[in-house]
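# Structural description and commentary
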Amino acid sequence: MALIRKKTVIKFIPCVDKHEIVVRISNIIFNQIRKKNNSVICFGASLALSDLYDQIAVDFKNNNVSFKNVVIINSDEYVDLEHRYMKYSKVESMKNLLFKRTDINLDNTFFPTKDNYKIFDKIIRKFGGIDLLILLPGSNGYIAFNEPNTKLNTKTHITKLENNTRLSLAGIFDEKINVPYYAVTIGIKTILESKKIILMASGNSLSVPVSKLFENQYSPIWPITSLIYAKDVTAFVELEATKLMTD
């Protein structure tokens, strides 16, 4: 496996609340674009990230920074979504959450699908790799849609969503029975190859995966722990999600 198993020191930034987290992460995103106006930035489409996208929209109005040359990579997408739920696809969600609220060029946006997933990592490499990746973990420790026991060397792939993941999405799709069983996601190897990763964690439900991450030991049943092998990781963590961390 072409992956250097050298642990990195994850930078831990405790935050009072979610608002502090999104303000600080939005500032990082804008600084990245100022430094490199054609940066490759990877996001996920999630209602849990809507506060971040709201903050980006506000900062976009108040900053002389353009997204026109920025390449946007989305981390995942549902597979075989029912037609009546297409408005909840990651593509449509990102349009409403972020794209329409900035000057992002839709031609520079890329989503993994069941048709392109085998070449999706090549698409990312064509642009020089991911400069900045924003991650929101799940309560079972998934990152993007890499569920527990996903292998470290996994590239973009189709994955079966676990029951608790589907349950967490049930509110979007009316009930769990309507939640897709499969999704396509960038792989753990794809994530670890990113030049800089920003992890955001707020709420009590993330206290366990956060504590696992800062044990600094990789465990395949907690995909979040793979981040100890990434190049550069900063975790912005709400105090409520730190209660299980040990000194």
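Notes on the structure in this doc start here. (Residues numbered from 1 in each chain as written. Predicted model: local features only at pLDDT ≥ 70, side-chain atom pairs only at ≥ 80, totals over all residues. Heavy atoms only, no water.)

Here the focus is the packing of aromatic side chains. Aromatic rings considered in pairs are described by the distance between their centres and by the relative angle of their planes. A complete count under the given rule lists 13 aromatic pairs for this structure. Ring centres of Phe-30 and Phe-67 lie 5.5 Å apart, and the angle between their planes is 90°; on these two criteria the pair is classed as edge-to-face. With Phe-30 in helix H1 (residues 18-35) and Phe-67 in the loop between helix H2 (50-62) and strand S3 (71-74), the pair connects residues that are 37 residues apart, well separated along the chain. One exposure class covers both Phe-30 and Phe-67, and it is buried. Consider the rings of Tyr-78 and Phe-145, whose centres lie 6.2 Å apart with planes at 45°: the pair is tilted. Of this pair, Tyr-78 sits in strand S4 (residues 76-78) while Phe-145 sits in the loop between strand S6 (132-135) and strand S7 (157-160); the two residues are 67 residues apart in sequence, bridging distant segments of the chain. The class of Phe-145 is buried, set by a relative accessible area of 3%. Each member of the aromatic cluster is reached from another via a ring pair, and the members are Tyr-78, Tyr-85, Tyr-88, Tyr-142, Phe-145 and Phe-173. When the ring centre of Tyr-181 is taken as origin, the NZ or CZ atom of Arg-166, which lies over that ring, is 3.8 Å away. (Phe/Tyr/Trp six-rings, centres within 6.5 Å; stacked < 30°, edge-to-face > 60°. Helix = DSSP H or I, 4+ residues; strand = E, 2+ residues; numbered from the N terminus. Buried < 20%, exposed > 50% of the residue type's maximum accessible area, 1.4 Å probe, protein only. Lys NZ or Arg CZ within 6 Å of the ring centre and 35° of its normal.)

This part takes up the pairing of strand S8 (residues 182-185). Sheet topology places S4 next to S8; three bridges connect them, and they run antiparallel. Along S8, the bridge assignment pairs Tyr-78 with Ala-183. Where S7 lies against S8, four bridges are found, and the strand directions are antiparallel. From the neighbouring strand, Lys-160 faces S8, where its bridge partner is Tyr-182. (Pairing = 2+ DSSP bridges.)

On to the nonpolar core. By size, the foremost hydrophobic cluster in this structure holds 35 residues, and its most contacted members are Ile-73, Leu-133, Leu-135, Ile-186, Ile-191, Ile-197 and Leu-227. Taken together, the elements giving at least two residues each to this core come down to strand S2 (40-43), S3, helix H4 (120-126), S6, helix H6 (188-192), strand S9 (197-201), helix H7 (207-213) and strand S10 (233-238). Discounting chain neighbours no more than four positions away, the residues touching Ile-197 are Leu-133, Leu-135, Ile-191, Leu-227, Ala-230, Asp-232, Val-233 and Thr-234. Counting residues in each nonpolar core, the second largest holds 31 residues, with Val-22, Phe-60, Ile-72 and Ile-104 among its members. (Core = buried A, V, L, I, M, F, W, Y, C linked by side-chain atoms within 4.5 Å. Contact = heavy atoms within 4.5 Å.)

Looking now at the pairing of S10. Along S10, six of the six residues are buried, which leaves the element largely enclosed by surrounding structure. Burial along S10 is two-sided: Val-233, Ala-235 and Val-237 and Thr-234, Phe-236 and Glu-238, pointing in opposite directions, are all buried. Where strand S1 (residues 11-15) meets S10, five bridges bridge the pair, whose relative direction is parallel. Residue pairing across strands places Cys-15 opposite Glu-238, the latter belonging to S10. Two elements, S9 and S10, share five bridges in a ladder whose sense is parallel. What sits directly across from Leu-199, in S10, is Ala-235. Each parallel crossover has a hand, and for S9 linked through H7 to S10 it is right-handed. (Right-handed = clockwise from strand over helix to strand, strands pointing away.)

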